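Residues per chain, in single letters:
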Amino acid sequence: MLQVKVIRENTDLIKAGLKKRGYNEEAIKSIDEVIRLDDIRKAAQTSLDAKLSEIKKHSDSIGSLFKSGKTQEANEMKSMVAELKTSSEPLENDLKSAIEGIRELLFKLPNTPHSKVPEGLTEDDNVVVKDWTNPLPTLIDNALPHWDLATKHNIIDFKLGVKITGAGFPLYRGKGARLQRALINFFLDEARDAGYEEILPPHLINEASGIGTGSLPDKEGQMYYMEKDNLYLIPTAEIPVTNIVRDVILKESDFPIKFCAYTPCFRREAGSYGSDVKGLNRVHQFDKVEIVQVEHPDKSHQTLDQMVTYVEGILNKLELPYRILRLCGGDLTFASALTYDFEVYSAAQDKWLEVSSVSNFETYQTNRMKCRYKDENGKTQLAHTLNGSALALARIVAALLENNQVVDGIKIPEVLIPYTGFDIIA
RNA sequence: GGAGGAGUGGCAGAGCUGGUUUAAUGCACUAGUCUUGAAAACUAGCGUGCCUUUACGGGCACCGGGGGUUCGAAUCCCUCCUCCUCCGCCA
């Protein structure tokens, strides 16, 4: 959530940010509305505080009047204070509605894109900051897309998933299940070696956590919701893990805070259809290892670069061709200030599949979560949060199966063999 | 799921028959005095948010969350959440 103070001080910058994201004039005007409401809020607070101060003083003296037996005077003062109170009610309402109005507007305003974010409104405007320069893998004759490979080797059963749950809930079996588990363990071990503390969070979150990361109310329709308990199934570990620092005041020496977590991820993906959803390309449940960092504002962008480098390292170890995109204003997610997407080449589909998204949210999440730290002057400041997938399994598996198919079956990358316990799926 | 108890500042812990409590006191923490240094002792400071002020300062709100009663609420009422004890169920 944007800070009103920042909006006041950088009005033009914030407006330009909305424009970069492709927001219309009406949305941009809401910035002025926030400032207008905040003016009302301040004025109301000033007068209300003065009234309350009077009420307080008089109420105190009523107490002493009663004690000294001056009942008559006390009762007179009582009615006087009652009047004061009545006259303060409109102010109280003004204050409340101004605060509520500001809140509603702020909930709809996305983070301001970082200056590095490219102009543009669609994914075609994303900038490839690192392309794959080596030759792309050449496949054997009669190479198959992963959904056919999955069936051929009996490692993923999409039909059983449909029977048990519904479309988009694949069932992994045999070496397919073991490959999943191997990847999860490999990713977690890599993260631990890089200094991330492993977290195994709850897979359901409450409303406050959803609001904290900016997932609510923005992505309401994308999450599975348990009405009876007012809980949401997590679409990513980002939510439970980042909320660890909700309502926390850190010390500067606590930075950097580095968490990693494996969780299944649940996404309703309402409105998706067509070839995009074939096989593992887009599913309702998939596994992911997420990395989360809480950083000092001065270091967060340097940290973002390090996280990008870290993800690159894993992809290199898996020997998968990838490219890195810097998302343009229109493609940037709601809470992010700067995002890099990783895409892995799926040979048999001749498609680039998004497997990771690494973002710096700056103060957007921490302002909602009230995650702060004491700076060297003892002042409380908002921290920065970052996160990234490292990595999302389903599409990694898709690319892995397709790119590594040989005449005898599917080769397992060297680094994974100690985890799988086998070197080929035949 | 049922019955009972409890949630107070970093921690511990008063207040909880409504009104000099501006939330006592202790510990921890920070600075200073003393000391060669340290400890001890002493002195002072020590929550968050907001409004106001050039500044010094002043004001308001917050005692799990929300609402209510009252001139006045940490203190009474309602509601939700969490924790503890007992019963039930259960991997």
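Predicted model, so just to flag it, every value in this text is computed and none were measured.

The number of helices and strands found in chain A is 13 helices and 19 strands. A principal-axis box enclosing the C-alpha atoms of chain A has dimensions of 100 × 45 × 40 Å. Looking at the 426 residues of chain A, the share that counts as buried comes to 49%. For chain A, the proportion of contacts with a sequence separation of at least 24, taken over those separated by at least 6, is 73%. For chain A, the exposed area adds up to about 20,800 Å²; of that, 49% sits on carbon and sulfur atoms. A gap of 3 Å separates the mean positions of the 52 positive and 62 negative side-chain charges of chain A.

We now examine the protein's contact with RNA strand B. Taken together, the neighbourhood of RNA strand B is formed by 19 residues, with R41, Q45, T46, V81 and K374 sitting nearest. The sugar-phosphate backbone supplies 72% of the atoms of RNA strand B found within 4 Å of the protein. In this structure, a sugar or linking oxygen belonging to RNA strand B sits 2.4 Å away from a side-chain N or O atom of R41. S59 has a polar backbone atom sitting 2.7 Å from a base nitrogen of RNA strand B. Looking at the surface near RNA strand B, the elements with two or more residues in it are α3 (25-67), α4 (71-108) and β14 (371-374). For the surface near RNA strand B, the leading source of residues is α3, giving 12 residues.

This paragraph deals with the sheet that holds strand β8 (residues 248-251). Pairing within the open sheet is mixed, and its three strands lie in the order β8-β14-β15. The outermost strands of the open sheet, each flanked by one partner alone, are β8 and β15 (380-382). Shown here is a sheet whose adjacent strand axes are inclined to one another by a mean of 40°, direction ignored. In this structure, β8 lies alongside β14, joined through four bridges in parallel fashion. Looking at the pairing, V248 lines up with C371 of β14.

Ordered in space as β5-β7-β6, the three strands form an open sheet in which the pairing is antiparallel. The sheet is open, and its two edges are formed by β5 (204-205) and β6 (225-226), each paired on a single side. In this sheet, strand β7 (residues 231-233) lies alongside β6 in antiparallel orientation, the contact comprising two bridges. By the bridge assignment for β7, Y225 is matched with Y232.

Applying the stated criterion to the full structure yields 10 aromatic pairs. Their ring planes at 50° and their centres at 5.8 Å tell us that Y196 and Y310 sit as a pair that is tilted. Residue Y196 is located in the loop between α7 (175-193) and β4 (197-199), and its partner Y310 is located in helix α10 (residues 300-317); the two are separated by 114 residues in the primary sequence. The pair formed by Y196 and Y310 is uniform in burial state, with each residue classed as buried. The interplanar angle of 80° and the centroid separation of 5.2 Å between the aromatic rings of F255 and Y373 together place this pair among those described as edge-to-face.

For the rest of this paragraph, the subject is the confidence of the model for chain A. Reading fine detail from the predicted coordinates is not recommended where pLDDT is low. With 98% of its residues at a pLDDT of at least 70, chain A reaches an overall mean of 91. The spread of mean pLDDT over the elements of chain A runs between α4, the lowest at 86, and helix α13 (residues 417-420), the highest at 97. Taken over the whole predicted complex, pTM reads 0.91, whereas the ipTM for its chain interfaces reads 0.85.

Reading guide: rules and limits
Per-chain numbering applies: the sequence of each chain, read as written, is numbered from 1 onward. Chains carry letters from A onward and ligands carry numbers from 1 onward, assigned in written order. pLDDT decides what is reported in this predicted model: residues at 70 or higher carry local features, side-chain atom pairs at 80 or more are listed and counted, and totals for whole chains, interfaces and linings draw on all residues regardless. Computation of side-chain values: all heavy atoms of the structure, hydrogens and water removed. Helix and strand labels come from DSSP, where a helix needs a run of H or I of at least four residues and a strand needs a run of E of at least two; each type is numbered from the N terminus. When accessible area is computed with a 1.4 Å probe and restricted to protein chains, residues below 20% of their type maximum are described as buried, those above 50% as exposed, and intermediate ones as partly exposed. By the convention used here, residues are in contact when the closest approach between their heavy atoms is within 4.5 Å. Accessible surface area values rest on a Shrake-Rupley calculation with a 1.4 Å probe, where residue burial reflects the displayed protein chains alone. Note that His is not counted, nor are the chain ends; the positive residues are Lys and Arg, and the negative ones are Asp and Glu. In plain terms, the charge of a residue is placed at NZ if it is Lys, CZ if Arg, CG if Asp and CD if Glu. Proximity is defined per residue: any heavy atom of the residue falling within 4 Å of a molecule or strand makes that residue near it. The definition of a polar contact used here is a pair of N or O atoms within 3.5 Å, where within protein one atom must be able to donate a hydrogen and the other to accept one, and adjacent residues in sequence count solely through side-chain atom pairs. Two strands pair under a simple rule: DSSP has to find at least two bridges between them. In this analysis an axis means a line fitted to C-alpha atoms, helices contributing only their contacting stretch, and an angle means the value between N-to-C directions, from 0 to 180 degrees. Two rings from Phe, Tyr or Trp (for Trp, the six-membered ring) form a pair when their centres sit within 6.5 Å of each other. Planes less than 30 degrees apart are called stacked, planes more than 60 degrees apart edge-to-face, and all others tilted. Confidence scores labelled pLDDT are given residue by residue by the predictor and lie between 0 and 100.

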